[in-house]
Amino acid sequence: MLNKSDTIAAISTPLGEGGIGIVRLSGKKALTIADKLFKGRNGATPSKLPSYTIHYGHIIRNKEILDEVILSIMRKPKSYTREDVVEINCHGGILPLRKTLEAVLECGARLAEPGEFTKRAFLNGRIDLTQAEAVINIVEAKTELALKSAISQLKGAFSKKVQELKDETLELLTLFEAELDFPEEDIEKTKRNKLIERIKRITSETDKLLRQSREGEILRDGLLVLLIGKANVGKSTFLNRLVGKERAIVTHIPGTTRDIIEEWINIEGIPVKIVDTAGFKKIENIIDKKAQEKVEEKLADANLVLFMVDGTKSLSSQDKEIAKIIKDKKMLCLINKVDLPEKISKNKLKSLIGNKKVLEISALKGKGINAIKKFIRDSVFAGGVSAGESTIMVNARSRESLKDAYNGLLKGFDAITEGLSEEFIAVDLKESLNSFKKILGETLEEDILDRIFQKFCIGK
Ligand SMILES: Nc1nc2c(ncn2[C@@H]2O[C@H](COP(=O)(O)OP(=O)(O)OP(=O)(O)O)[C@@H](O)[C@H]2O)c(=O)[nH]1
Ligand SMILES: [Mg+2]
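Conventions we followed
Residues numbered from 1 in each chain as written. Chains lettered and ligands numbered in written order. Predicted model: local features only at pLDDT ≥ 70, side-chain atom pairs only at ≥ 80, totals over all residues. Heavy atoms only, no water. Pairing = 2+ DSSP bridges. Helix = DSSP H or I, 4+ residues; strand = E, 2+ residues; numbered from the N terminus. Contact = heavy atoms within 4.5 Å. Axes fitted to C-alpha atoms, helices over the stretch in contact; angles between N-to-C directions. Phe/Tyr/Trp six-rings, centres within 6.5 Å; stacked < 30°, edge-to-face > 60°. Lys NZ or Arg CZ within 6 Å of the ring centre and 35° of its normal. Core = buried A, V, L, I, M, F, W, Y, C linked by side-chain atoms within 4.5 Å. Buried < 20%, exposed > 50% of the residue type's maximum accessible area, 1.4 Å probe, protein only. Domains from an automatic or database assignment. Near = heavy atom within 4 Å. Polar contact = N/O pair within 3.5 Å; in protein donor to acceptor, adjacent residues only side chain to side chain. Areas by Shrake-Rupley, 256 points an atom, 1.4 Å probe, with all protein chains shown as cover. Nonpolar A, V, L, I, M, F, W, Y, C, P; charged D, E, K, R; others polar.

Once that is clear, we can look at the sheet that holds strand β1 (residues 8-11). One key point about sheets: their strands pair by backbone hydrogen bonds, in either a parallel or an antiparallel sense. Pairing within the open sheet is mixed, and its seven strands lie in the order β3-β4-β5-β6-β2-β1-β7. Edge positions in the sheet fall to β3 (38-40) and β7 (110-111), since each has one partner strand and no second. Lying over the sheet, helix α3 (residues 116-123) contacts β1, β2 (20-26) and β7, oriented at roughly 140 degrees with respect to β1.

What follows deals with the packing of aromatic side chains. For the structure on display, the rule yields zero aromatic pairs. Its guanidinium or amino end placed over the ring of Phe117, Arg24 lies 4.5 Å from that ring's centre, counting from NZ or CZ.

Core analysis: the largest hydrophobic core is formed by 35 residues, its most contacted members being Phe238, Ile274, Leu306, Leu334 and Ile372. In terms of residue count, the dominant contributor to this core is helix α12 (residues 369-380) (five residues). Counting contributing residues, this core receives three or more from each of domain 2 (143-219 + 392-440) and domain 3 (222-363). For Ile372, the contacting residues outside a window of four places in its chain are Phe238, Leu306, Leu332, Leu334, Leu359 and Ile361. With 27 residues, the next largest nonpolar core counts Tyr406, Ile425, Leu429 and Leu433 among its residues.

Neighbouring residues of ligand 1: 23 residues in total, closest Lys235, Thr237, Gly255, Thr256 and Thr257. One nitrogen or oxygen atom from the side chain of Ser362 is found 3.1 Å from an oxygen atom belonging to ligand 1. Within the complex, the protein chains bury 90% of what would otherwise be the 650 Å² of accessible surface of ligand 1. With three residues, the single largest contributor to the shell around ligand 1 is helix α8 (residues 235-243). Its residues assigned to classes, the shell around ligand 1 comprises eight nonpolar, 12 polar and three charged.

Here is the structure:
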């Protein structure tokens, strides 16, 4: 465990040239260190200045002026870390920032570990663990919707819900444990039914939370959408249309694309990584073979497959081959080139792909693109209304615990409906209770904590 009583410092803005850059300090000595270095215009010393004030002056070390700065003071407990925090706004070049940081370190601060400011906010009880993780999500948010969801998590929407479920589980557990004290008496039937109802409710709420968190996971990590189809059906044309630029080479020659081409786009707030691939064709050489292998490899990671067929041609053996390898994937079928006379047999297509949804599009003319976007959006947000703040962006760690909590509740539910005795049910509920506590960081091993905060950048 890092020493919590140290005063830590770091450059909190990205390295590189910018308008300003900030050196942040947090801890007991933050203000006295600032006293040693900061010369304000009217001689004021930072440790005498009130909280939430900013001051113009210079950073001076060994009589050398290092930079002209603005100093902000945030006294404990009303600061990011709940400790005394000083932020020195320097000019944005690397040199003034480095020199200021060095001076701060020479005066008694220690360089902060990645995420250590946020970790202190957690250890000092200002935020819980899900909120700390929300900070990472905010920093990394790829779209506005993702940001909105992360901010709502930082405000504590998710923790509040978990806290409620934890409290309810605890209450139930107490009830069962009370019964355990009188083993000779069976729980009477109406009472038992009431308990069953309660477990059922908590279980289904946990389930809902799990589903919402799956949406959040997609908002955070993005959706991988893979374009697949035989050569020349128009995949690259479609990619270019979606990203709005000539990203991939398009020609009339089958086999134009040989590599995997990936681009991030924003579809109604969902970060989507759209992946264009080499078209399937008769394998004639090692390039064809390698290209196809790459597509099949990539397929494993895809969240959604767009299977494109050429509306101006009959289905071919390649179409059949593709249909076979994607049959277990979530898939949308696109008949492309509908601006030209149609040749494809829709009946044959149906028998190839079953009851998967089919859309008719023209990548060249831009027809049907909105319908595809809508399909992608709806595939993430079932029902389509829950997007945004009700989406819960949790990290893999919390999701695992949430699953454990759910499984514990489910087992408890089964145990009570099967009429098992109280001690079995109590064991299951305890498991759930612990999982809820884990999410909130109430029970947590040191190394897990370190792993979480290491994902942050230095200075956060
Ligand atoms: N009429 C018409 N032509 C299209 C449409 N989409 C693509 N094309 C044409 O079809 C040809 C092949 O397009 P690409 O986008 O290169 O096809 P691809 O699937 O990427 O082909 P490979 O990379 O070889 O697998 C080009 O001549 C495009 O202009 C469409 O919707 N309508
Ligand atoms: Mg192509």
